[in-house]
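Given next are the chains, with one letter for each unit.
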Amino acid sequence: MLLTLSITGISFCGVDVGGFFHDPEPELLVRWYQAGALQPFFRGHSAMQTKRREPWIFGEEVTTIIRAAISQRYCLLPYWYTLFHQAQLSAKPPMRPLWVEFPKEPQTFAVEDQYMIGIHAISFSLIVIVHQKMTSESNCRKKKILLLIGSALLACPVTDPGVKEVKVLFPGCGEYWYDVHSSQIFRGGRTVNVSVTLDSVSLHRLLNY
């Protein structure tokens, strides 16, 4: 639904983190936050009838992981602001289906569980901050990396319980994708099973040479 909204002009869109109805288990609440933090509009929201779901209610592990997801969101705010500015000028949404960026690759046409954040066609650069988990006491070490403005991020959020790996299509024959968590590099034009843990989500940056 969010991809449809994005390409029809409603670019500031996002989910109700935690779900509007019912009460998610701690694992899926974590996955909600990780997914929501990688969408244009990010906020927790639920019906009055649901139970309380503040992150700290579910214990230190859940609190730490959700804090890391929120921290990454704040670290990427300069990137999001830039993408929204571009959307205002060009009507190109920050969140978009793979086929928008890779229209000559038919295998991207039916992909709905992955999406691009940004484009990779602009030539000037911006320094943004990304986080890297370190310890439970200090779970976020910030480091600077150089991103081309619009240098696309490829997100594949986890939406089911018990998931240990996700199947990721890396578009772009001849392109390379960099895992922002593990630093592993994947060649484009193929599908790969990528391992995930509760405190990680599949997020890759398109390398620009």
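Please refer to the structure placed before this passage.
This structure is a prediction, so every number in the text was calculated from the model and none was measured.

Caption draft 1: Fine view of the sheet that holds strand β7 (residues 153-156). Spatially, the six strands line up as an open sheet ordered β3-β4-β7-β12-β9-β10, and their pairing is antiparallel. The open sheet terminates on both sides in strands that have one partner only, identified here as β3 (95-96) and β10 (185-187). In this structure, β3 lies alongside strand β4 (residues 115-117), joined through two bridges in antiparallel fashion. Paired with M95 across the two strands is I117, which belongs to β4.

Caption draft 2: Spatial organisation of the nonpolar core. Ranked by internal contacts, the top residues of the largest apolar core, which has 19 residues, are M116, L154, V166, V168, F170, W177 and V194. Take this core: its biggest share by element is four residues, from strand β8 (residues 165-170). Discounting chain neighbours no more than four positions away, the residues touching M116 are P94, M95, R96, P97, L98, E101, F102, A152, L153, L154 and W177. Judged by nonpolar contacts, the second largest core, of 18 residues, contains L3, W80, L83 and A155.

Caption draft 3: Fine view of unusual backbone geometry. Positive phi, close to 65 degrees, is recorded for H22, a residue that is not glycine. On the secondary structure map, H22 appears in the loop between β1 (16-17) and α2 (26-36). Classification of H22 as exposed rests on a relative accessible area of 67%. A positive phi angle is found at A91, which is not glycine, with a value near 70 degrees. Position of A91 among the secondary structure elements: in the loop between α4 (77-90) and β3.

Caption draft 4: The arrangement of helix α3 (residues 60-75) in detail. The end-to-end C-alpha distance of α3, which contains 16 residues, comes to 22 Å, matching closely the 22 Å that a straight helix rising 1.5 Å per residue would cover. For α3, the full list of buried residues reads V62, T63, T64, I65, I66, A68, A69, Q72, R73 and C75.

Caption draft 5: Representation of the layout of surface pockets within the structure. The computed volume of the largest pocket comes to approximately 730 Å³. For the largest pocket, the lining is made up of 30 residues, of which E112, D113, Y115, P157 and T159 are closest to its centre. Only α1 (2-7), α2 and β8 provide two or more residues apiece to the lining of the largest pocket. Considered class by class, the residues forming the lining of the largest pocket number 20 nonpolar, five polar and five charged.

Caption draft 6: Structural view of a nonpolar patch on the surface. Residues I7, W99, V100 and F109 make up a contiguous nonpolar surface patch of roughly 350 Å² in combined accessible area. Of note, I7 is situated in helix α1. The exposure class of I7 is partly exposed, given its relative accessible area of 41%.

Caption draft 7: Structural view of the packing of α3 against α4. Interaxial distance between α3 and α4 falls to 5 Å at its minimum, and their mutual angle equals 50 degrees. Taken together, the axes of α3 and α4 are oblique relative to one another. On the side of α3, the interface is formed by R73, Y74 and C75, while α4 contributes L77, P78 and W80. By residue class, the composition of the contact of α3 with α4 is five nonpolar, no polar and one charged.

Caption draft 8: Summary view of the environment of G9. Position of G9 among the secondary structure elements: in the loop between α1 and β1. Taking C-alpha positions, G9 is 7.0 Å from A91, a pair spaced 82 residues apart along the chain.

Caption draft 9: Spotlight on the environment of S11. Here S11 shows up in the loop between α1 and β1. Overall, S11 belongs to the buried group, its relative accessible area being 18%. For S11 and Q39, which are 28 residues apart along the polypeptide, the C-alpha to C-alpha distance reads 9.8 Å. Discounting residues that sit within four places of it in the chain, S11 has contacts with S6, P40, F84, A87, P93 and P94.

Caption draft 10: Local environment of α4. Taking 1.5 Å as the rise per residue, α4 with 14 residues should run 20 Å; its terminal C-alpha atoms sit 20 Å apart, in good agreement. Three or more residues of α4 are buried, namely L77, Y79, W80, T82, L83, Q86 and A87. Directly beyond the C-terminal end of α4, a positive phi value near 70 degrees is found at A91.

Criteria and thresholds
Residues numbered from 1 in each chain as written. Predicted model: local features only at pLDDT ≥ 70, side-chain atom pairs only at ≥ 80, totals over all residues. Heavy atoms only, no water. Pairing = 2+ DSSP bridges. Helix = DSSP H or I, 4+ residues; strand = E, 2+ residues; numbered from the N terminus. Core = buried A, V, L, I, M, F, W, Y, C linked by side-chain atoms within 4.5 Å. Buried < 20%, exposed > 50% of the residue type's maximum accessible area, 1.4 Å probe, protein only. Contact = heavy atoms within 4.5 Å. Expected span 1.5 Å × (residues − 1). 1 Å grid on protein atoms, 1.4 Å probe; cavity = no way out; pocket = protein on both sides within 12 Å on 5 of 7 lines; lining within 4 Å. Points joined across faces, edges and corners; volume = space filled by probe spheres on them. Nonpolar A, V, L, I, M, F, W, Y, C, P; charged D, E, K, R; others polar. Patch = residues over 30% accessible without salt bridge, like charges linked within 9 Å, V, L, I, M, F, W, Y side chains within 5 Å. Areas by Shrake-Rupley, 256 points an atom, 1.4 Å probe, with all protein chains shown as cover. Salt bridge = Lys/Arg side-chain N within 4 Å of Asp/Glu carboxyl O. Axes fitted to C-alpha atoms, helices over the stretch in contact; angles between N-to-C directions. Parallel < 35°, antiparallel > 145°, perpendicular 65-115°, else oblique.

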